[in-house]
Amino acid sequence: MIRGSMLRDAMISASNALANVKQEVDALNVFPVPDGDTGTNMSMTIANAARELSRLEKPSATEVADVASAALLRGARGNSGVILSLLFRGFSKGLKGKRRADGVDLAQALSYGVDAAYKAVMKPTEGTILTVAREAAEKGRKTAAKNPDPIVVWEAVCKEAEASLARTPDLLPQLKKAGVVDAGGKGFCVIIEAMLDVFKGGEIVGGIQAAPAAKPVQKSTVGSYEQDITFTYCTEFIVGRDRKCKLDPLSLRAYLESIGDCVVVVDDEEIIKVHVHTNHPGKAMEEALKYGQFETVKVENMRIQHENAGWVGEADAEADAAVPTLQRVEPENDYGFVAVAAGDGLQSLFHDDLACDQVVSGGQTMNPSTDDILSAIEATPAKTVFVLPNNKNIILAAEQAVPLADRQVMVLPTRTIPQGVSAMLAFDPDADADTNMTAMRQAADNVSTGSLTFAARDSDFEGHKIKEGEILALNNGKLAFVDTDINHAVPKLTRTLIKDRYAAGKDVNYVTVIYGSDVSERDAAKVCDAVRAKVGADVDVSMIDGGQPVYYYFISVE
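Residues numbered from 1 in each chain as written. Predicted model: local features only at pLDDT ≥ 70, side-chain atom pairs only at ≥ 80, totals over all residues. Heavy atoms only, no water.

Q: Give a description of the overall build of the chain that names residues and reports values.
A: When helices and strands are counted, the chain shows 20 helices and 18 strands. In the chain, 72% of the contacts between residues at least 6 apart in sequence involve partners at least 24 apart. By element, 48% of the accessible surface of the chain is carried by carbon and sulfur atoms, the whole surface being about 25,400 Å². (Helix = DSSP H or I, 4+ residues; strand = E, 2+ residues; numbered from the N terminus. Contact = heavy atoms within 4.5 Å. Areas by Shrake-Rupley, 256 points an atom, 1.4 Å probe, with all protein chains shown as cover.)

And the structure:
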């Protein structure tokens, strides 16, 4: 049987093991753009869980699974990190109420996670981490039916995962052509193999998470609020759902909002998790009992926490002051906006010019976590918050914040900065949320986006022999051509975008050139002159100092 402490150590070891090889996993990415890569995103995601797990003493298997699941979800970065968090969310369900786990439990837990991951991805691609995890889980279930020994089962899971990983190039031609396996699948194999080693009695792998976590600063977030505390008790509990109960958890949430604030109600088929600030925790729990039986309950007096918050040391206080934290605010306005952008110019554009309430720092080189986006949502004083990820690798993380938020959240699947800008310009304050959602999506879809960056490594991609450092010209996310002169590449790419629009029957009225931190204003002005010469006098060409890292230029055509 796998004890809770063993499962805890296995996941901490897995985090360290992946951290040690994350650059090798990053290098497996076929597309050589210098974005937030798979290994890095997966490593940062599971490291969030390892930090929380390192604080647990003598935990049960279900406690480890619950802590890991919550931490992975909130710390998820990039699509690969979100999928990893969903795979381990199954452990919270599969190990529910168990002090120890056998092979049947582990195999079922992984299967639950695979189901959740497939459901979260709109168009699952086979030959990726999804395939590797699914085939490994299937092998685990078959093995557990014959022999429930957890080590035997997890060995079978690991062996099948490696075999599945080796087959990924047969499912994705671009992997075969590049001579690599799937990066996400490789990261998953590193994780489960490190876990197996601990299950067998091995030591925790050394790494950045190997040292014991420092004692957390005993400071309540409530203590940082300058406003008066309206509701005294922070009340949290988990209710195991009564299968005979037909009540909708939305009714529970509505009731809790009538007796408190900061209400969060998250549910699935098995449980309902509740957080509420109230003066009547007894009433909250009495109402919750209509839905099932309590599994955990925690009630804390926030006034006492507030009074005790002052004993934090000066060094800790200075460190906290250096890192700006967002505070939750009441939803007073009808609508609010959260955008993701990197670079002072772009952040100013979204915040000052486009009136976004919060701009989360991130994008190409650093994908923000689900928790980063959630914090920005709850710091937005609106009943409905529109979120603009502005990057295809951030959309899934933003969507995971929706059920965690204490207000309505609508994620616009903007894949680029120009799409985000156009979506914001299409907002109508007099229209309802659904109408705005449709209009903003249509505006985003009508924009053609060009991007110019450099190759982070040598690669052979879609017929292009790419050398590290060469200029990559991307047409709506797809590689258009490779160049060695950025000043030549910008007008060439712009002309390509315009031709494609005309071929699709779309008009061209405006071209916006957004230059990054590695481009001077003088050089950007010369490039814009070259673009004007290419597109003609009928098209209005403008220039914006975006200040974005890594990407020399973004080009918006509409």
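Q: Give me the sheet that holds strand β5 (residues 271-278): which residues, what numbers.
A: Ordered in space as β4-β5-β3-β6, the four strands form an open sheet in which the pairing is antiparallel. The two strands at the open ends of the sheet, each matched to only one other strand, are β4 (260-267) and β6 (292-301). Within the sheet, the average angular offset between the axes of one strand and its neighbour, ignoring direction, is 10 degrees. Two elements, strand β3 (residues 233-241) and β6, share nine bridges in a ladder whose sense is antiparallel. Paired with Glu-236 across the strands is Lys-298, a residue of β6. (Pairing = 2+ DSSP bridges. Axes fitted to C-alpha atoms, helices over the stretch in contact; angles between N-to-C directions.)

Q: Talk me through unusual backbone geometry; I want residue IDs and the actual numbers.
A: Trans peptide bonds make up the majority, and among non-glycine residues the majority have a negative phi. Look at Ala-355: it is not a glycine, yet its phi comes out positive at around 65 degrees. Assignment of secondary structure puts Ala-355 in the loop between α14 (344-353) and β8 (358-361). Within the chain, Asn-390 stands out as a residue other than glycine whose phi angle is a positive 60 degrees. Considering the arrangement of structural elements, one finds Asn-390 in the loop between β9 (382-388) and α16 (395-400).

Q: Before we move on, can you summarise the packing of helix α10 (residues 249-259) against helix α11 (residues 281-288) with the specific residues and values?
A: Axis separation between α10 and α11 bottoms out at 10 Å; the angle between their running directions is 170 degrees. Classified by the angle their axes make, α10 and α11 are roughly antiparallel. Across from Leu-252, Tyr-255, Leu-256 and Ile-259 in α10, the residues of α11 making contact are Lys-283, Ala-284, Glu-287 and Ala-288. (Parallel < 35°, antiparallel > 145°, perpendicular 65-115°, else oblique.)

Q: Quick rundown of the packing of aromatic side chains? Include the residues and the values.
A: For any pair of aromatic rings, the description consists of the separation of the ring centres together with the inter-plane angle of the planes. Throughout the structure, instances matching the rule amount to eleven aromatic pairs. Plain terms: the ring middles of Trp-154 and Phe-199 are 6.1 Å apart, the flat faces sit at 70 degrees to each other, and that makes the pair edge-to-face. Placement of the pair is Trp-154 in helix α7 (residues 150-171) and Phe-199 in helix α9 (residues 183-199), with a sequence separation of 45 residues. Relative accessible area serves as the criterion here: at 1%, Trp-154 is assigned to the buried category. Note on Phe-199: relative accessible area 4%, which makes it buried. Aromatic pair Tyr-335 and Phe-386: ring centres 5.9 Å apart, planes at 45 degrees, arrangement tilted. (Phe/Tyr/Trp six-rings, centres within 6.5 Å; stacked < 30°, edge-to-face > 60°. Buried < 20%, exposed > 50% of the residue type's maximum accessible area, 1.4 Å probe, protein only.)

Q: For the pairing of β9, give the residues involved together with the corresponding values.
A: Two faces belong to every sheet, and in a regular strand the side chains alternate between them. With respect to burial, β9 is a largely interior element, six of its seven residues being buried. The pairing of strand β7 (residues 333-341) with β9 spans six bridges and is parallel. Bridge pairing in β9 places Phe-337 opposite Phe-386. One ladder, built from four bridges, connects β9 with strand β10 (residues 408-411); its direction is parallel. By the bridge assignment for β10, Val-385 is matched with Val-409. Read as a crossover between parallel neighbours, the route from β9 over α16 to β10 is right-handed. (Right-handed = clockwise from strand over helix to strand, strands pointing away.)

Q: Hey, could you go over the environment of Gly-113 for me, with residue numbers and the actual values?
A: Of note, Gly-113 is situated in helix α5 (residues 103-120). On the basis of relative accessible area, Gly-113 is assigned to the buried category, the value being 0%. Between the C-alpha atoms of Gly-113 and Ile-83, which are 30 residues apart in sequence, the distance is 9.0 Å. Contact partners of Gly-113, with chain neighbours within four places excluded, come to Leu-86, Leu-87 and Gly-90.

Q: Tell me what's going on with the pattern of salt bridges, and back it up with residues and numbers.
A: In this structure the tally under the stated criterion is 17 salt bridges. Where Asp-406 meets Arg-407, a salt bridge forms, and the shortest distance between an N and an O atom there is 2.8 Å. No difference in accessibility class separates Asp-406 from Arg-407, as the two residues are buried. In this structure, the salt-bridge partner of Arg-532 is Asp-529, at a minimum N-O distance of 3.0 Å. Of this pair, Arg-532 and Asp-529 both sit in helix α20 (residues 521-535), three residues apart, roughly one helical turn. (Salt bridge = Lys/Arg side-chain N within 4 Å of Asp/Glu carboxyl O.)

Q: Give a description of a positive patch on the surface that names residues and reports values.
A: A cluster of basic residues, Lys-139, Arg-141, Lys-142, Lys-146 and Lys-159, forms a positive patch at the surface. For the positive patch, the element with the highest residue contribution is helix α6 (residues 129-146), accounting for four residues. The residue Arg-141 is located in helix α6 in this model. (Patch = residues over 30% accessible without salt bridge, like charges linked within 9 Å, V, L, I, M, F, W, Y side chains within 5 Å. Lys, Arg positive; Asp, Glu negative; His and termini not counted. Charge placed at Lys NZ, Arg CZ, Asp CG, Glu CD.)

Q: Help me get a handle on the nonpolar core, residues and values and all.
A: One finds Trp-154, Met-195 and Phe-386 to be the most contacted residues of the largest nonpolar core, which totals 120 residues. The greatest single-element share of this core, amounting to eleven residues, is contributed by α9. Beyond its immediate chain neighbours, meaning those up to four positions away, Trp-154 contacts Phe-91, Leu-106, Leu-110, Ile-192, Met-195, Leu-196 and Phe-199. Ala-473, Val-508, Val-519 and Ile-555 belong to the second largest nonpolar core, which has 26 residues in total. (Core = buried A, V, L, I, M, F, W, Y, C linked by side-chain atoms within 4.5 Å.)

Q: Describe helix α15 (residues 370-378), and please don't skip the residues or the numbers.
A: The set of residues buried in α15 consists of Thr-370, Ile-373, Leu-374, Ala-376, Ile-377 and Glu-378. Buried residues along α15 sit in contact with α3 (61-75), β7, β8, β9, α16 and β10.

Q: A description of the sheet that holds strand β15 (residues 478-483) should follow, citing residues and the corresponding values.
A: Reading across from one edge, β15-β14-β11-β18-β16-β17 is the order of the six strands in this open sheet, with mixed pairing throughout. In the strand order of this sheet, the two ends are held by β15 and β17 (540-545), each with one partner. For this sheet, the mean inter-axis angle between neighbouring strands, taken without regard to orientation, is 20 degrees. Against the sheet, helix α17 (residues 417-425) makes contact with β11 (448-454), β16 (510-515) and β18 (553-557), and its axis sits at roughly 45 degrees relative to β18, the strand it touches most. With respect to the sheet, helix α19 (residues 486-503) is in contact with β11, β14 (471-475), β15, β16 and β18, its orientation differing from that of β11 by roughly 155 degrees.

Q: Tell me about helix α18 (residues 433-445), residues and numbers included.
A: In this model, α18 (13 residues) spans 18 Å end to end at C-alpha, consistent with the 18 Å of a helix rising 1.5 Å per residue. Among all positions in α18, only Ala-433, Asn-436, Met-437, Met-440, Ala-443 and Ala-444 are buried. Buried residues in α18, looked at end-on, bunch into an arc of 135 degrees, giving them a common side. Residues of α18 that are exposed and angled more than 90 degrees away from the buried face: Asp-434, Gln-442 and Asp-445. Capping of α18 at its N-terminal end is provided by Asp-432; its side-chain oxygen lies 3.3 Å from the backbone amide nitrogen of Asp-434. (Expected span 1.5 Å × (residues − 1). Arc of directions from axis to C-beta. Polar contact = N/O pair within 3.5 Å; in protein donor to acceptor, adjacent residues only side chain to side chain.)

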